[in-house]
Amino acid sequence: METMRPSSIAVDEGEQKSKVPQEAHHHEKDQDAGALFVLKSKGSWVHCGYHLTTSIVAPALLSLPYAFTFLGWGPGILCLVIGALVSFYSYNLLSLVLEHHAHLGHRHLRFRDMANDILGPKWGRYYVGPIQFMVCYGAVVACTLLGGQCMKAIYLLSDPNGSLKLYEFVIIFGCLMLVLAQIPSFHSLRHVNLISLVLCLAYSSCATAGSIYIGTSSKGPEKDYSLKGDTENRVFGLFNAIAIIATTFGNGIIPEIQATIAAPVKGKMFKGLSVCYAVVTVTFFSVAISGYWAFGNQAEGLILSNFLNDGKPLVPQGFIFVTNIFTILQLSAVGVVYLQPTNEVLERTFADPNSKEFSLRNVIPRLISRSLSVIIAIVIAAMLPFFGDINSVIGAFGFMPLDFVLPVIFFNLTFKPSKRSPIFWLNVTIAVVFSTLAVIAAIAAVRQIGLDAKTYRLFANV
């Protein structure tokens, strides 16, 4: 049998001639420990839908009304529609490329494996691999920080004069992450991610209902939908808003999610994406439209912050408790999903593929390495409560290329559509537009860091 990279599943000539789909021949001996233990291919398209929904429909959607404050009604809704259509299209193209290579006997289980095969080894090693790691680990840190902030919000509601600091809540939330991080494989998260799907529907419904309640009562602010700031701030605000919307649709781990599907994979990812985008449509649009309608240009970075006015709740206090609890629980699931690429690298480095998954030889390194990776994320989140600004830069350089630019490039290089065909030029247009947006969004994010730098303090209690 021809020797293949450990990143792919090899198929010999006899298997290629058989009637059984080539992708179904899963030779575990040819896989490294990361692929063997973390990226098990045992799931169905339904499980894939759970994973996709958790990775995309996250509490970041609660910032969509804030993005609308820089865009207004028309452009805001238009950007949301374009974001949904282009991201669904890009993810579907990426899945088609993965299916094509699987059918040829090279099933890619990781984003960097695709880049190695399609663009060349240097692209996978020095570009796609590092930016995917930064984006995913940055998401873990951001989830840990936001989880701590939601816990602190609950605490201050029950005890406005409480003395506990933000970093203490970050550590408490991190303890939950430490436990969930020990779940052995991506496929093992399917039940967690089903609960996560229900939770995202729950807190999105709460956010929508709360916004409508406040918007129809006399408690809410006077509705003003005008754009704030001078010309310079409006221009940078525009690109900042586009970056927020694009990264809210961001995923960054489509190949790793598709890797969890049992062979044959053909058509299953599209079904999973359809499940995910049904949830996306319900949650993103309801939260964005109701939040902006209720609070106008006073919508906060997280719409739940608008449910308080000078520390006094505008909705029943129990309602805020429940909404934050839903958010906290789903954040833990989102954080663990984005920890999977890190887990895969750790498993590949420290585990022995020739030993059993739950042998002491593999369990002890797994427990130590995963715990250390979560502890580092906890320390960063506690130490840098302004990490959101840093994550904006990472998102601009990471989510946009991974989710909008590379999929269309991979498709054009793999299937080589005619230069006269509409799909070729549509893909080129998407690549150029989103590459440009990524650069501008990164500049806007760096500018924001410069503006906010004077307020930065390590372990600040914000």
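Each value, and the rule that gives it
- Residues numbered from 1 in each chain as written.
- Predicted model: local features only at pLDDT ≥ 70, side-chain atom pairs only at ≥ 80, totals over all residues.
- Heavy atoms only, no water.
- UniProt positions renumbered as here; feature names shortened; annotations may be inferred.
- Helix = DSSP H or I, 4+ residues; strand = E, 2+ residues; numbered from the N terminus.
- Rg over C-alpha atoms; globule rule 2.2 N^0.38 Å.
- Buried < 20%, exposed > 50% of the residue type's maximum accessible area, 1.4 Å probe, protein only.
- Contact = heavy atoms within 4.5 Å.
- Areas by Shrake-Rupley, 256 points an atom, 1.4 Å probe, with all protein chains shown as cover.
- Axes fitted to C-alpha atoms, helices over the stretch in contact; angles between N-to-C directions.
- Left-handed = near helix turned anticlockwise from the far one by under 90°.
- Nonpolar A, V, L, I, M, F, W, Y, C, P; charged D, E, K, R; others polar.
- Core = buried A, V, L, I, M, F, W, Y, C linked by side-chain atoms within 4.5 Å.
- Phe/Tyr/Trp six-rings, centres within 6.5 Å; stacked < 30°, edge-to-face > 60°.
- Disulfide = S-S within 2.5 Å.
- Salt bridge = Lys/Arg side-chain N within 4 Å of Asp/Glu carboxyl O.

- Going by what an unreviewed UniProt entry lists, the protein is known as Amino acid transporter transmembrane domain-containing protein and is assigned to Acer negundo.
- What UniProt states about the protein under its Subcellular location (unreviewed entry) heading is, verbatim, "Membrane".

So, the overall build of the protein
Okay, step 1: Within the protein, the secondary structure is distributed over 17 helices and two strands.
Okay, step 2: Scaling as 2.2 N^0.38, a compact globule of 462 residues should have a C-alpha radius of gyration of about 23 Å, and the protein matches this with 22 Å.
Okay, step 3: Here the C-alpha coordinates of the protein stretch approximately 75 × 60 × 35 Å along the principal axes.
Okay, step 4: Buried residues in the protein amount to 54% of all 462 residues.
Okay, step 5: Nonlocal contacts in the protein, meaning residues at least 24 apart in sequence, comprise 82% of its contacts between residues at least 6 apart.
Okay, step 6: Total accessible area on the protein stands at roughly 19400 Å², and carbon and sulfur atoms take up 67% of it.

Some points on the packing of helix α9 (residues 190–216) against helix α13 (residues 317–338)
Okay, step 1: Their axes nearest at 9 Å, the elements α9 and α13 cross at an angle of 145°. Crossing angle aside, the handedness with which α9 passes α13 is left-handed. Between α9, through V192, N193, S196, L199, C200, A202, Y203, C206, A209 and G210, and α13, the contact on the second element is made entirely by F319, T323, F326, T327, L329, Q330, A333 and V337.
Okay, step 2: Partitioning the contact of α9 with α13 into residue classes produces 12 nonpolar, six polar and no charged.

A few points about unusual backbone geometry
Glycine aside, residues mostly have negative phi angles, and peptide bonds mostly take the trans form.
Okay, step 1: Residue P264 is bonded to the preceding A263 through a cis peptide linkage, with omega at -5°.
Okay, step 2: Backbone geometry places K416, a non-glycine residue, at a positive phi of 45°.
Okay, step 3: Along the chain, K416 turns up in the loop between α16 (387–415) and α17 (422–452).
Okay, step 4: Overall, K416 belongs to the exposed group, its relative accessible area being 63%.

Things to note about helix α4 (residues 64–71)
Okay, step 1: Within α4, six of the eight residues are buried, leaving the element largely enclosed by the surrounding structure.
Okay, step 2: Buried residues of α4: L64, P65, A67, F68, T69 and L71, and no others.
Okay, step 3: Buried residues in α4 make contact with α5 (73–103), α10 (231–248) and α12 (268–295).
Okay, step 4: Of the residues flanking the end of α4, it is G72, one or two places downstream, whose phi is positive at about 85°.

Brief notes about the environment of V192
Okay, step 1: Summarising the element assignment, V192 is placed in helix α9.
Okay, step 2: According to the relative accessible area criterion, V192 is partly exposed, its value standing at 23%.
Okay, step 3: With residues up to four places along the chain from it excluded, the contact list for V192 reads I183 and A333.

A few points about the nonpolar core
Okay, step 1: Ranked by size, the top nonpolar core spans 124 residues in total, and within it L62, F284 and F410 carry the most contacts.
Okay, step 2: No other element matches helix α7 (residues 121–158), which puts 16 residues into this core.
Okay, step 3: For L62, the contacting residues outside a window of four places in its chain are Y203, A207, V287, G301, L302, I303, L304 and T327.

Describing the packing of aromatic side chains
Okay, step 1: Counted by the stated rule, this structure contains 16 aromatic pairs.
Okay, step 2: Summarising the aromatic geometry, the rings of F133 and Y137 are spaced 5.7 Å apart at their centres and angled 5° between planes, so their arrangement reads as stacked. Here F133 pairs with Y137, and both are found in helix α7, just four residues apart, close to one helical turn.
Okay, step 3: For Y137, a relative accessible area of 12% gives the class buried.
Okay, step 4: Taking 5.2 Å as the distance between ring centres and 55° as the angle between the ring planes, the aromatic pair formed by Y225 and Y292 counts as tilted. Placement of the pair is Y225 in the loop between α9 and α10 and Y292 in helix α12, with a sequence separation of 67 residues.

A word on the state of the cysteines
Okay, step 1: Across all of its chains, the model carries zero disulfides by this definition.
Okay, step 2: Unpaired in this structure, C79 has its nearest cysteine sulfur neighbour in C276, at a distance of 20 Å.

Comments concerning the pattern of salt bridges
A side chain of one charge can pair with a side chain of the opposite charge when the charged atoms of the two come close.
Okay, step 1: Scanning the entire structure with this criterion turns up nine salt bridges.
Okay, step 2: Its salt-bridge partner being D32, residue R348 comes within 3.4 Å of it at the nearest N-O pair. With a gap of 316 residues between them, R348 in helix α14 (residues 340–350) and D32 in the loop between α1 (13–17) and α2 (33–38) connect regions that are remote in the sequence.
Okay, step 3: As a salt-bridge pair, R370 and E347 come within 3.5 Å of each other at their nearest N and O atoms. With R370 in helix α15 (residues 360–383) and E347 in helix α14, the pair connects residues that are 23 residues apart, well separated along the chain. You'll find R370 and E347 in the same group, each marked buried.
Okay, step 4: It is possible to trace a salt-bridge network through shared partners that takes in D32, R110, R112, D113, E344 and R348.

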